[in-house]
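Commentary on secondary and tertiary structure
Residues per chain are reported as follows:
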Amino acid sequence: MKTTRHNKILELINKYPITTQEELIDYLRREGYDVTQSTVSRDIKQLRLSKTLSVDGKYRYQASPTAEKGAKNNFKTIFSSSVVSIETAMNIIVVKTFSGMAQAACAALDMMSFDPVVGTLAGEDTIIVVCKTVEDADACAEEFENYLV
C-alpha cells in the first residue's frame with residue numbers, strides 16, 4: 001500500500017503544482033487514499049521530496065530523479081522476487097510465480113506501466129499478460145526476464 005501511495009504522490013507532484021502538505025493530502029484523498037498529516041509528512045521524508053521555485057514564483061514539491069527511480073526499483077524487486085518462469089504464446093505472456101505471489105507480482109507489473117500491455121490477470125501462482133501484438137509480447141517477456149537476473 002505504501003509503495004502504491006508513494007507512486008501516486010510522485011505522479012501527482014509531477015502533474016500538479018502542489019505547494020503544501022495540505023494540498024497533497026487533498027489530492028490523495030480525491031484519489032481514494034485515506035491519509036493523515038503525519039502519513040504524508042513521513043511519505044515526503046521517505047521520498048526525499050524537496051520544494052523548488054517554479055516559474056510562477058511559488059515553491060512546489062519536486063521529486064529527485066533517485067526518488068522516482070527508487071519507486072520503480074521497488075516494483076522490479078517485488079516482481080523479480082516472485083517469478084519462477086516466463087513464457088510467451090502469441091501475444092500472451094504467462095508468468096509463473098511462487099505459490100501465493102502472483103497478486104503481488106501482478107500489481108508490481110501493473111505499476112511499472114508497460115505501454116504494449118493491454119491487461120493483466122493474476123491467479124494463485126500464474127499471471128496472464130495480454131499484449132497488443134506478438135512482437136510486443138516477445139519484447140515485454142525479454143524485458144521481464146532481464147529483471148530476473
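Anyway, here's the lowdown on the structure attached to this text. (Residues numbered from 1 in each chain as written. Predicted model: local features only at pLDDT ≥ 70, side-chain atom pairs only at ≥ 80, totals over all residues. Heavy atoms only, no water.)

1. Digging into the packing of aromatic side chains
To be explicit about the condition: Think of it this way: a Phe, Tyr or Trp ring, Trp meaning its six-membered ring, pairs with another when their centres are within 6.5 Å, and the plane angle makes it stacked under 30 degrees, edge-to-face over 60, tilted otherwise. Strands here mean DSSP runs of E at least two residues long; helices mean DSSP runs of H or I at least four residues long; both are numbered from the N terminus. Working definition: with a 1.4 Å probe on protein chains only, accessible area under 20% of the residue-type maximum means buried, over 50% means exposed, and in between means partly exposed. Note on geometry: a ring has a charge over it if NZ (lysine) or CZ (arginine) is within 6 Å of the ring centre and within 35 degrees of the ring normal.
With the rule as written, the count across this model stands at four aromatic pairs. With a centroid separation of 6.2 Å and an interplanar angle of 85 degrees, the aromatic rings of phenylalanine 79 and tyrosine 147 are classed as edge-to-face. With phenylalanine 79 in helix H4 (residues 65-82) and tyrosine 147 in helix H6 (residues 134-147), this pair connects stretches of sequence that are 68 residues apart. Residue classification places tyrosine 147 among the buried positions, given a relative accessible area of 13%. Three or more aromatic residues joined by ring pairs make a cluster, and in this case those are Phe79, Phe114, Phe144 and Tyr147. Cation over ring: arginine 30 sits above tyrosine 27, and NZ or CZ is 4.7 Å from the ring centre.

2. Overview of the packing of helix H2 (residues 21-30) against helix H3 (residues 37-47)
Packed helix pairs are characterised by how far apart their axes lie and by the angle those axes make with each other. Short version of the rule: Interaxial angle, 0 to 180 degrees, is taken between N-to-C directions of lines fitted to C-alpha atoms, where a helix line uses only the stretch in contact. When an angle is under 35 degrees it counts as roughly parallel; over 145 it counts as roughly antiparallel; between 65 and 115 it counts as roughly perpendicular; any other value is oblique. The contact criterion used is simple: two residues touch if any of their non-hydrogen atoms lie within 4.5 Å. Side-chain classes follow a simple rule in which Ala, Val, Leu, Ile, Met, Phe, Trp, Tyr, Cys and Pro form the nonpolar group, Asp, Glu, Lys and Arg form the charged group, and the remainder, Gly included, forms the polar group.
At a minimum axis separation of 10 Å, H2 and H3 run at an interaxial angle of 105 degrees. One way to sum up the angle between H2 and H3 is to call them roughly perpendicular. For the pair formed by H2 and H3, the contact residues are Gln21, Glu22, Leu24, Ile25 and Leu28 on the first element and Gln37, Val40, Ser41 and Ile44 on the second. In terms of residue class, the contact of H2 with H3 is built from five nonpolar, three polar and one charged.

3. Focus on the pattern of salt bridges
Here is the rule: Whenever Lys or Arg places a side-chain nitrogen within 4 Å of a carboxyl oxygen from Asp or Glu, that contact is recorded as a salt bridge.
What the rule picks out here adds up to five salt bridges. Close ionic contact of aspartate 115 with lysine 132 constitutes a salt bridge, the shortest N to O distance being 3.9 Å. Of the two residues, aspartate 115 is situated in the loop between helix H5 (102-111) and strand E5 (117-122) and lysine 132 in the loop between strand E6 (126-131) and H6; the sequence distance between them amounts to 17 residues. Its relative accessible area of 48% is what places lysine 132 among the partly exposed residues.

4. Looking at the nonpolar core
To keep things clear, this is the line we draw: Think of a nonpolar core as a cluster: buried Ala, Val, Leu, Ile, Met, Phe, Trp, Tyr and Cys residues, connected wherever their side-chain atoms sit within 4.5 Å.
One finds Phe79, Ile93, Val95, Val129 and Phe144 to be the most contacted residues of the largest nonpolar core, which totals 22 residues. Within the residue set of this core, elements represented by two or more residues are H4, strand E3 (83-89), strand E4 (92-97), H5, E6 and H6. Phenylalanine 79 has contacts with Val95, Ala105, Ala108, Leu109, Met112, Phe144 and Tyr147, leaving out every residue within four places of it along the chain. With 17 residues, the next largest nonpolar core counts Ile9, Leu12, Tyr27 and Ala63 among its residues.

Worth remembering: the numbers are spatial, not functional.
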